[in-house]
Amino acid sequence: MESVATPSAVTQPAAQALRELPVLGDVFRIAFEQSAAGICISALDGAYLHANAAFCEFVGYSLDELRRLKSADLSHPDDRRRASEVLARMTSGELHEARWERRYIHKSGLALWALMTTTLVRGADSTPSYFISQIIDISDRKMAEEALQRAEARARALIGAMQDVILVLDRNGTYVDIAPSATDRLFRTPAELLGRRLHDVFSKDRADSFLAAIQRALDGRSAVEIAYDLDIDGERFWFDATIS
């Protein structure tokens, strides 16, 4: 990174350290410029000193525009406090490197998620000089996770509104999951069923019949329907079940 232009607000020690950064010369410069991950270098006060093309593209600003900004200007309001605390811990010597997920505000105003790894570079006398950070865009992953969470919440809400008893058992007849629907129609409470086997809950004959139906459904890869009755809290209930 020869001939790196630095803003006048950058301290002389930081500017000098930045000029001395590419100890590998052209090798470092090529790796910096051609990296698919965003890389930025910032002063201790957050002022951007330099950035590669990937970071500029990620945030939507040109390098000249970035050099008039500080990291806080691009931080999501909800992430600024944590970012400030992490950088302060690094400056104090408590941390040498930090890795966390945070949000950036793109020039367009869109919030983007990134996995950020920041290292504090110190001078020859161990005085903090500047931060160098690698930023990997994880916005797509975050959007997928949020969509999945919303879908799961909707599914659970729908299941919760149903009047059917919905159970998940494995091949051995162990209770794996119990939907929050019609729990008053369970032979025992969910806490008493989860992790236990049919033979721990029912008589041997009843458990054998349930397990046989599960095996038929698994072996035939098709739904099996059974009818049975249970005495729950002194009241008799009749059930039509579909096992799939």
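All of these numbers come straight from a predicted model, not from anything done at the bench. Throughout, residues of each chain are indexed from 1 in the direction in which the sequence is written. At least 70 in pLDDT is required for a residue's local features to be given in this predicted model, at least 80 for side-chain atom pairs to be given and counted, and no such filter applies to totals for whole chains, interfaces and linings, which use all residues. Excluding hydrogens and water, the side-chain figures rest on all heavy atoms present in the structure.

### Here's the deal with the packing of aromatic side chains
Link 1 in the chain: Only centres within 6.5 Å qualify two rings of Phe, Tyr or Trp (six-membered ring in Trp) as a pair; their planes then separate them into stacked at under 30 degrees, edge-to-face at over 60, and tilted for everything else. Applying the stated criterion across every chain yields a total of seven aromatic pairs.
Link 2 in the chain: Judged by centre distance (5.7 Å) and plane angle (80 degrees), the rings of Phe58 and Tyr104 are edge-to-face. Taken as a pair, Phe58 in helix H3 (residues 53–59) and Tyr104 in strand S3 (residues 97–105) lie far apart in primary sequence, 46 residues in all. As far as the burial class goes, Phe58 and Tyr104 line up, both buried.
Link 3 in the chain: Residues Tyr228 and Phe239 carry aromatic rings whose centres are separated by 5.2 Å and whose planes lie at 20 degrees to one another, so their mutual orientation is stacked. Linking Tyr228 in strand S8 (residues 224–232) with Phe239 in strand S9 (residues 235–243), this pair joins segments that are eleven residues apart in sequence. Considered together, Tyr228 and Phe239 belong to a single accessibility category, that of buried residues.
Link 4 in the chain: One aromatic cluster in this structure is built from Phe187, Phe202, Phe210, Tyr228 and Phe239. Secondary structure counts use DSSP, requiring at least four H or I residues in a row for a helix and at least two E residues in a row for a strand, with both numbered from the N terminus. Think of it in three bands: with a 1.4 Å probe and only protein chains considered, a residue is buried below 20% of the maximum accessible area for its type, exposed above 50%, and partly exposed in between.

### Structural notes on the nonpolar core
Link 1 in the chain: We define a nonpolar core as any set of buried Ala, Val, Leu, Ile, Met, Phe, Trp, Tyr and Cys residues linked to one another through side-chain atoms lying within 4.5 Å. Formed by 23 residues in total, the largest nonpolar core has its most connected members in Tyr48, Phe55, Val59, Leu66, Leu74, Tyr104 and Ile135.
Link 2 in the chain: Looking at this core, the elements that each hand over two or more residues are strand S2 (48–51), H3, helix H6 (80–91), S3, strand S4 (111–122) and strand S5 (128–137).
Link 3 in the chain: Counting residues in hydrophobic clusters, the runner-up holds 22 residues, among them Ile178, Val201, Ile232 and Ile243.

### Some points on the confidence of the model for the protein chain
Link 1 in the chain: By definition, pLDDT measures how confident the predictor is in each residue, and it falls between 0 and 100. With 86% of its residues at a pLDDT of at least 70, the protein chain reaches an overall mean of 83.
Link 2 in the chain: Considering each helix and strand of the protein chain separately, the mean pLDDT is smallest for helix H1 (residues 12–19), with a value of 52, and largest for H3, with 95.
Link 3 in the chain: Within the model, pLDDT remains below 50 along residues 1–11, and this stretch shows 22 contacts once partners closer than five positions in the same chain are excluded. Every residue pair with non-hydrogen atoms within 4.5 Å of one another is taken to be in contact.

### Focus on the environment of Arg82
Link 1 in the chain: Tracing the backbone shows Arg82 in helix H6.
Link 2 in the chain: For Arg82, a relative accessible area of 45% gives the class partly exposed.
Link 3 in the chain: Arg82 sits 18 residues away from Trp100 along the chain, and the two C-alpha atoms are 9.9 Å apart.
Link 4 in the chain: Non-local contacts of Arg82, meaning those with residues more than four positions away in its chain, are made with Trp100 and Glu101.

### Some points on the sheet that holds S2
Link 1 in the chain: Taken in spatial order, the five strands line up as S2-S1-S5-S4-S3 in an open sheet, and their pairing is antiparallel. Edge positions in the open sheet fall to S2 and S3, since each of these has one partner strand only. If you compare each strand with its neighbour and ignore which way they point, the axes differ by 30 degrees on average.
Link 2 in the chain: For two strands to be treated as a pair, DSSP must find at least two bridges joining them. Here S3 runs beside S4; their pairing, made up of nine bridges, is antiparallel. In the sheet register, Arg102 faces S4, and the bridge partner there is Ala114. Note on method: axes are straight lines fitted to C-alpha atoms, helices fitted across the in-contact stretch only, with angles between N-to-C directions ranging 0 to 180 degrees.

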